[in-house]
Amino acid sequence: QVQLVESGGGLVQAGGSLRLSCAASGRTFSRYAMGWFRQAPGKEREFVAAISGSGVSTYYADSVKGRFTISRDNAKNTVALRMNSLKPEDTAVYYCAAGRPGVEVDHQGKYDYWGQGTQVTVSS
């Protein structure tokens, strides 16, 4: 069982930056790939970024590539999402997730554990 708690959301102007963090419970954190997903009002939840259990491999949605960076610290059981050059269309509730998705890192159904989400609002 893994419990996930996100933090770091807030209101930022377009072009600004935010750093989201996700703290995980449990002693098997490094066995799980971690993903970030987001859901904007009226839209389906979508993949943002993922990182392998070791942290060696990272994956990004095209819409955030070059602007967002995912990282993890297995000693601290945390995963972070650094978001730069934010745009109004990045406004959403951001969720972290843990699972063993294999190559399907962008498939929500492959993740077993989810946090409660943190709101990110980007004003124009």
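Description of the structure in this document.

Calculation rules
Residues numbered from 1 in each chain as written. Predicted model: local features only at pLDDT ≥ 70, side-chain atom pairs only at ≥ 80, totals over all residues. Heavy atoms only, no water. Helix = DSSP H or I, 4+ residues; strand = E, 2+ residues; numbered from the N terminus. Rg over C-alpha atoms; globule rule 2.2 N^0.38 Å. Buried < 20%, exposed > 50% of the residue type's maximum accessible area, 1.4 Å probe, protein only. Contact = heavy atoms within 4.5 Å. Areas by Shrake-Rupley, 256 points an atom, 1.4 Å probe, with all protein chains shown as cover. Lys, Arg positive; Asp, Glu negative; His and termini not counted. Charge placed at Lys NZ, Arg CZ, Asp CG, Glu CD. Pairing = 2+ DSSP bridges. Axes fitted to C-alpha atoms, helices over the stretch in contact; angles between N-to-C directions.

With that out of the way, let us pick up the overall build of the chain. Counting its secondary structure elements, the chain contains zero helices and 11 strands. Listing each helix as α and each strand as β along the chain from the N terminus yields β-β-β-β-β-β-β-β-β-β-β. In terms of overall dimensions, the chain is globule-like: its C-alpha atoms have a radius of gyration of 13 Å, near the 14 Å expected for 124 residues. Considering the chain as a whole, with its 124 residues, one finds that 45% of them fall into the buried category. Relative to all contacts within the chain whose residues are 6 or more apart in sequence, the contacts with residues 24 or more apart total 57%. In the form shown here, the chain has an accessible surface area of approximately 6400 Å², with 45% of it arising from carbon and sulfur atoms. Separation between the mean location of the 14 positive side-chain charges and that of the 10 negative ones in the chain comes to 7 Å.

Strand order in the open sheet made by the four strands is S1-S3-S8-S7, with antiparallel pairing throughout. If you trace the sheet from one side to the other, it starts and ends with strand S1 (4–7) and strand S7 (68–73), each paired once. With direction set aside, neighbouring strand axes in the sheet form an average angle of 15°. Here six bridges tie S7 to strand S8 (residues 78–83), and the two strands are oriented antiparallel to one another. Bridge pairing links Ile70 to Leu81 in S8.

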